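# Working through the structure, step by step
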Amino acid sequence: MARITLRQAISDALREEMQRDENVFIMGEEVGVWGGTYAVTRGFHDEFGDKRVRDTPISEMVIGGAAAGAAMNGLRPVAEFMTINFAMLALDQIVNHAAKVHYMFGGQMKAPVVYRAPGGGGRQLGATHSHTPDVIFAHFPGLTVVSPGTPYDAKGLLKSAIRSDDPVLFIEHATLYQLRGEVPEEDYTVPIGVSEVKREGSDVTIISYAQGLQVSLEAAEQLAKEGVEAEVVDLRSLRPLDMGPALESFKKTFRAVVVEEGHRGYGIGAEIVARLQEEAFDYIDAPIKRVAQDETPLPYSQELEQMALINPDKVIAAVKEIV
Amino acid sequence: MDKETLLDWYRQMVLIRRFEQRSAELYQQGKIGGFLHLYIGQEAIAVGSIAAKAEGDHVITAYRDHGHAIAVGADLNAVMAELLGKQTGVSMGKGGSMHLADVSRRYWGGYAVVGGHLPLATGIALAEQYRETENAVLCYMGDGATNIGYFHESLNLAGVWQLPVLWIIENNNYGMGTSVDRASAAPILDKAKAYGMNGEQIDGMNVMEVYETTQDCLQKIRDGEGPQFVEMITYRYEGHSMGDPLRYRTKEEVEKWREDDPIGVLERHILDEKAADQEALEAIDGEVEERIEAAVQFAEESPLPEPEALYSGIYVEA
Ligand SMILES: Cc1ncc(C[n+]2csc(CCOP(=O)(O)OP(=O)(O)O)c2C)c(N)n1
Ligand SMILES: [Mg+2]
């Protein structure tokens, strides 16, 4: 198996899906001639041409809605938001239109659109360009929200997203683009709405996804040196949320830490903790911890920004408080 | 215009008018809930423009959507049942008055966020261009919708990509209680020019004019001239929705517009052209009355949605 970057995995998934189905096309700002702001679609414009790799004006609302409309009328658009921060301009199209038409019109129509959106902090881009607003989107039934933490999952999940009949927001953490991992040559998919244990352990359960997964795995390696074996569960999909592996692991370790890059308040962690206490109350042996972004806007200064973000040390500290 | 067509339009316009009046009664009786936006006064627009559409063309509009549903030929029973929130409604009781659709007739429905359907229309048109068909999209909106960001992004993108969309502005002079001159910095037609379209302003109370203009615009789109824009001047005789205090306009103003009542205009034309006599028109009124009562009866007798419906159809893939 080849070891490729997460960027390459996403790029390969897009290319292979475009080759497989001529109704799949890409639209967004700078996706064509420029080759994608994060170079995910480099070479696509030459390979597929204007019709299937469409540069749009800087118009997030109509990117969100035209992709949904094209999907309603039979195509399989993959719309790229330059970053997830700008997808917030299209929130109404994503949440009120793409995610609602199937239900609201009694099943008469579907909107099989994929929205790709790179995001996340840690790159000194300041308060407006560093959000991890995943939870905002994950709040709404009707939308599917996935966010991979490995190249393998990125490729397989993106293929599932493109083949899904439902609207999917595919969140890419920009600091993971260079992450390498094994990805098979042959066609495969990763199912949406299925969590997975990424590392086995018996002392504590760490639940996370995306960049938080990598932070958690690093923390787990350090903890192992100190004799603490952490089991790391990767959610992969935020909606639908599969609690199965997390619950199973928790019933074995009786301790859990939830790690996410978004803000702590009203976050993914809050949801997971609520589900653990609702569904596994008798197994709680210690407070369930949340490691998340501080409750501040993200500053430019690298030192200050890093203080606010999650890292392995914070995960280790949280684990040590409960084991 | 041949006699049958004129009488058919008359029938449809009276059907919409009576449907709306009957809906208002049902609303007062508490049988219809939520918001109810009546189309009374604007009937010539939906009827005349949809008469000009080819079978493959698409229709999409805002929440004032009963007229378009009826004009595309959606099942009247199912439309009324939707207003009553019944399982037999066009949207299975999940949409209500503001969200009627009949995708089998390429009617993508009514949308309740002002301007929210304009990007969808753009995308529906993109799919037709992508497949290299001759089909166009008729996208209706109110005057108020020309002030929202969606309008500008959608008209711009449709212009850049030369998409087959006909933007139809139903200028009824007001967005809720705010008149056009208090809400739009420039005349609406000028906005078309900003996005590369000439645009046209016509009398939206005259169904013949609406039909002819729509036909011309659709022909231009099919001839490859890109998106088109038409502002149809009209008036809504009732409030914005039920319970509108109507503080923003005078009775005299409403009375003045009643002289242009689109049904009256067509009726005079039919009588002048001797396409039919008063008696024939009254016969149509009678038929319409029966159709409406049958629809109300159907809706009232229809079952409520099953409780399971709440949880079904959130996703296509279970
Ligand atoms: C984004 C948004 N803002 C406000 C509203 C509330 N609202 C509903 S209809 C309306 C007026 C729209 O006027 P116009 O576009 O002229 O259509 P008309 O009602 O006259 O048919 C407003 C402000 C809304 N539904 N959506
Ligand atoms: Mg208006």
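Parameters and conventions
- Residues numbered from 1 in each chain as written.
- Chains lettered and ligands numbered in written order.
- Predicted model: local features only at pLDDT ≥ 70, side-chain atom pairs only at ≥ 80, totals over all residues.
- Helix = DSSP H or I, 4+ residues; strand = E, 2+ residues; numbered from the N terminus.
- Rg over C-alpha atoms; globule rule 2.2 N^0.38 Å.
- Buried ≥ 20, exposed ≤ 12 C-beta atoms within 10 Å, placed from the backbone.
- Contact = placed C-beta atoms within 7 Å.
- pLDDT = per-residue confidence, 0-100.
- Arc of directions from axis to C-beta.
- Nonpolar A, V, L, I, M, F, W, Y, C, P; charged D, E, K, R; others polar.
- Domains from an automatic or database assignment.
- Near = placed C-beta within 6 Å.
- Pairing = 2+ DSSP bridges.
- Axes fitted to C-alpha atoms, helices over the stretch in contact; angles between N-to-C directions.
- Parallel < 35°, antiparallel > 145°, perpendicular 65-115°, else oblique.
- Left-handed = near helix turned anticlockwise from the far one by under 90°.

## Some thoughts on the overall build of chain B
On a plain count of helices and strands, chain B comes out with twelve helices and eight strands. At 19 Å, chain B has a C-alpha radius of gyration in line with the 20 Å of a compact globule built from 318 residues. Counting only C-alpha atoms, chain B reaches 60 × 50 × 40 Å along its principal axes. In chain B, which comprises 318 residues, the share counted as buried stands at 51%. Considering only residue pairs separated by 6 or more positions, chain B has 76% of its internal contacts joining residues 24 or more positions apart.

## Some points on the overall build of chain A
Within chain A, the secondary structure is distributed over 13 helices and 14 strands. A compact globule built from 323 residues would reach a C-alpha radius of gyration of about 20 Å, and chain A, at 19 Å, matches this within 12%. Seen along its three principal axes, the alpha-carbon backbone of chain A occupies a region of about 55 × 45 × 40 Å. Classification of the 323 residues of chain A by burial places 57% in the buried group.

## Section: the confidence of the model for chain A
When pLDDT is averaged along chain A, the result is 98, and 100% of the positions lie at 70 or above. Element-level mean pLDDT values for chain A span from 96 in strand E1 (residues 2–5) of chain A up to 99 in strand E11 (residues 230–234) of chain A.

## Re the confidence of the model for chain B
Parts of the model with low pLDDT should not have their predicted coordinates read in detail. Confidence in the prediction of chain B, expressed as mean pLDDT, is 98, and 100% of residues score 70 or more. Across the interfaces of the predicted complex, the ipTM metric reaches 0.96, alongside a pTM of 0.97.

## Brief notes about helix H5 (residues 91–98) of chain A
Working note: α-helix, 3.6 residues per turn, so residues spaced by three or four point in the same direction. Turning to H5(A), its buried residues number three or more, namely A:Gln93, A:Ile94, A:His97 and A:Ala98. Down the axis of H5(A), the smallest arc covering the buried residues is 115 degrees, so these residues share one side.

## Points about the interface of chain A and chain B
Put simply, an interface is often sized by how much accessible area is lost when its parts join up. If you look at the interface, chain A gives 35 residues, while chain B gives 33 residues. Taken together, the elements giving at least two residues each to the side of chain A that touches chain B come down to helix H3 (60–72), H5 and helix H6 (101–104) of chain A. Of all the elements, H3(A) adds the most residues to the side of chain A that touches chain B, at ten residues. Classifying every residue of the side of chain A that touches chain B by side-chain character gives 14 nonpolar, 16 polar and five charged.

## Digging into the domain arrangement of chain A
Residues and elements named next belong to chain A. You can read the domains of chain A as domain 1 (2–183) and domain 2 (196–322). For domain 1 and domain 2, the distance between their C-alpha centres works out to 26 Å. Taken together, the contact between domain 1 and domain 2 spans 26 residues of the former and 22 residues of the latter. For the side of domain 1 that touches domain 2, the secondary structure elements donating two or more residues are helix H7 (134–138), strand E6 (144–146), helix H8 (151–163) and strand E7 (168–173).

## A closer look at the site of ligand 1
As a matter of local geometry, ligand 1 sits amid 14 residues, with B:Val114, B:Gly142, B:Gly144, B:Ala145 and B:Gly175 nearest to it. Within the residue set of the shell around ligand 1, elements represented by two or more residues are strand E3 (137–142) and strand E5 (174–175) of chain B.

## Observations concerning the sheet that holds strand E13 (residues 256–263) of chain A
All names here are of chain A. A sheet is described by the order of its strands in space; here five strands give the open sequence E9-E11-E10-E13-E14, paired in mixed fashion. The two strands at the open ends of the sheet, each matched to only one other strand, are strand E9 (196–199) and strand E14 (289–293). In this sheet, neighbouring strand axes are inclined to one another by 25 degrees on average, regardless of whether the strands run parallel or antiparallel. The sheet contacts of helix H9 (residues 210–225) involve E9, strand E10 (204–208), E11 and E13, and relative to E13 the element is tilted by about 140 degrees. Packing of helix H11 (residues 268–279) onto the sheet brings it into contact with E10, E13 and E14, and relative to E13 it is tilted by some 155 degrees.

## Digging into the packing of helix H4 (residues 76–83) of chain B against helix H12 (residues 278–301) of chain B
Residues and elements named next belong to chain B. Across the interface, H4 lies against H12 with an axial gap of 8 Å and an inter-helix angle of 50 degrees. With respect to H12, the axis of H4 lies oblique. Crossing geometry of H4 relative to H12 is assigned as right-handed. Together, Leu 76, Asn 77, Met 80 and Ala 81 of H4 and Arg 291, Ala 295, Val 296, Phe 298 and Ala 299 of H12 make up the contact between the two elements. Class assignment for the residues of the contact of H4 with H12 results in seven nonpolar, one polar and one charged.

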